[in-house]
Amino acid sequence: AQTVTQSQPEMSVQEAETVTLSCTYDTSESDYYLFWYKQPPSRQMILVIRQEAYKQQNATENRFSVNFQKAAKSFSLKISDSQLGDAAMYFCAYRSPNTDKLIFGTGTRLQVFP
Amino acid sequence: KAGVTQTPRYLIKTRGQQVTLSCSPISGHRSVSWYQQTPGQGLQFLFEYFSETQRNKGNFPGRFSGRQFSNSRSEMNVSTLELGDSALYLCASSLDQANTEAFFGQGTRLTVV
């Protein structure tokens, strides 16, 4: 069975600085998808970024980028130029092919200080 | 384009009662998944439906059931409610099983007293 581990329950960053959130996963599959979701106080899950395992290139979405290390089964999220609106819970998630079932990590609470 | 709509947003029920939660996916989306979110257990997968067929089921007791209608709307039902069923229930929809992006609703906050 696949598992997702987020070892940082809480992180904090100063506005305009850069922060990296860690995620590791365990799987025997060679093809899969990885995601970072953001959950603000409104509780709605918002997709931040996704990565297909077959792609070697790290995904980037504006200020958000990932460091995908397939051999190490690591998938970290880097947030550059942090903004107050980035404060939220961040969840790393894994998805096998041919299913919509997401396996989530336990989340990292990110605080952003002015 | 309307997003994923979950109703009701908040619900208070008594132990032993049953409850039905509704999820309307984004127009054109055929896949709907449900998740339970609690402080202790985090986000746990409940069910996945595609074209009215349950494709996956999480590790929950038989008191948890669901279904999907021909218009892709989905409902989940919890019978004989227990205090531990208090949670945020999230629904997500995607275009089809080949699509990699799931869009979430705002959830239904269920409190069992």
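Conventions used here
Residues numbered from 1 in each chain as written. Chains lettered and ligands numbered in written order. Predicted model: local features only at pLDDT ≥ 70, side-chain atom pairs only at ≥ 80, totals over all residues. Heavy atoms only, no water. Helix = DSSP H or I, 4+ residues; strand = E, 2+ residues; numbered from the N terminus. Contact = heavy atoms within 4.5 Å. Areas by Shrake-Rupley, 256 points an atom, 1.4 Å probe, with all protein chains shown as cover. Lys, Arg positive; Asp, Glu negative; His and termini not counted. Charge placed at Lys NZ, Arg CZ, Asp CG, Glu CD. Buried < 20%, exposed > 50% of the residue type's maximum accessible area, 1.4 Å probe, protein only. Phe/Tyr/Trp six-rings, centres within 6.5 Å; stacked < 30°, edge-to-face > 60°. Buried area = accessible area lost by both parts, 1.4 Å probe. Salt bridge = Lys/Arg side-chain N within 4 Å of Asp/Glu carboxyl O. Polar contact = N/O pair within 3.5 Å; in protein donor to acceptor, adjacent residues only side chain to side chain. Nonpolar A, V, L, I, M, F, W, Y, C, P; charged D, E, K, R; others polar. Pairing = 2+ DSSP bridges. Disulfide = S-S within 2.5 Å.

A. Seen up close, the overall build of chain B. Tallying secondary structure elements over chain B gives zero helices and eleven strands in all. Listed by position from the N terminus, the elements making up chain B come as β-β-β-β-β-β-β-β-β-β-β. Along the first, second and third principal axes, the C-alpha atoms of chain B reach 40 × 25 × 25 Å. Residue pairs at least 24 apart in sequence account for 54% of intrachain contacts in chain B once pairs closer than 6 positions are excluded. Counting every atom, chain B has about 5,200 Å² of accessible surface; 46% of that belongs to carbon and sulfur. With 11 positive and 7 negative side-chain charges, chain B shows a separation of 6 Å between the mean positions of the two kinds.

B. Representation of the overall build of chain A. The helix and strand inventory of chain A stands at zero helices and twelve strands. For chain A, the succession of helices and strands along the chain, N to C, is β-β-β-β-β-β-β-β-β-β-β-β. Burial analysis of chain A (114 residues in total) assigns 48% to the buried set. Across chain A, the fraction of contacts at a sequence separation of at least 24, relative to all contacts at a separation of at least 6, is 55%. Carbon together with sulfur atoms contributes 45% to the accessible area of chain A, which is approximately 5,600 Å² in total. Counting 11 positive and 11 negative side-chain charges, chain A places the averaged centre of each group 4 Å from the other.

C. Spatial organisation of the packing of aromatic side chains. Scanning the entire structure with this criterion turns up 15 aromatic pairs over all chains. Note on A:Phe104 and B:Tyr35: the rings are 5.6 Å apart at their centroids and 85° apart in plane angle, and the pair reads as edge-to-face. Of this pair, A:Phe104 sits in strand β11 (residues 102-104) while B:Tyr35 sits in strand β4 (residues 31-38), placing the two residues on different chains. Neither A:Phe104 nor B:Tyr35 differs from the other in exposure class; each is buried. Between B:Tyr35 and B:Phe45, the aromatic rings sit 5.7 Å apart at their centres with planes inclined by 65°, giving edge-to-face as the arrangement.

D. Main features of the interface of chain A and chain B. At the interface, 17 residues of chain A touch 21 residues of chain B. Contact with chain B buries area across many residues of chain A, yet A:Arg43, A:Gln44 and A:Asp100 alone supply 30% of it, more than any other trio. One salt bridge in this structure joins A:Arg50 and B:Glu101, with 3.1 Å as the shortest N-O distance. Along the contact surface separating chain A from chain B lie eleven residue pairs in polar contact (both at pLDDT 80 or more). Elements represented by at least two residues in the side of chain A that touches chain B include exactly β5 (33-39), β6 (46-52), β10 (88-95) and β11 of chain A. A total of four residues in the side of chain A that touches chain B trace back to one element, the largest contributor, which is β5(A). Across the side of chain A that touches chain B, the residue classes tally to eight nonpolar, four polar and five charged.

E. Structural context of the pairing of strand β12 (residues 108-113) of chain A. Residue and element names in this part refer to chain A. Side-chain alternation along β12 places Thr108, Leu110 and Val112 on a buried face and Arg109, Gln111 and Phe113 on a face that remains uncovered. As judged from the five bridges shared by strand β2 (residues 10-14) and β12, these two strands associate in the parallel manner. Directly across from glutamine 14, in β12, lies its bridge partner phenylalanine 113.

F. Examining the state of the cysteines more closely. A complete count under the given rule lists two disulfides over all chains for this structure. Two residues, A:Cys23 and A:Cys92, share a disulfide whose sulfurs are 2.0 Å apart. On the sign convention where negative means left-handed, the S-S torsion of about -70° between A:Cys23 and A:Cys92 marks this disulfide as left-handed. One end of the pair, A:Cys23, is in the loop between β3 (19-21) and β4 (24-26); the other, A:Cys92, is in strand β10, and 69 residues separate them in sequence. On the accessibility criterion, A:Cys23 (1% relative accessible area) is buried. The disulfide bridge from B:Cys23 ends at B:Cys91, spanning 1.7 Å between sulfur atoms. Measuring handedness by torsion sign, the sulfur bridge of B:Cys23 and B:Cys91 sits at about -60° and is left-handed. Of this pair, B:Cys23 sits in strand β3 (residues 19-24) while B:Cys91 sits in strand β9 (residues 87-94); the two residues are 68 residues apart in sequence, bridging distant segments of the chain. The pair B:Cys23 / B:Cys91 is uniform in exposure class, with both members buried.

Any functional reading would require information beyond the geometric quantities listed.
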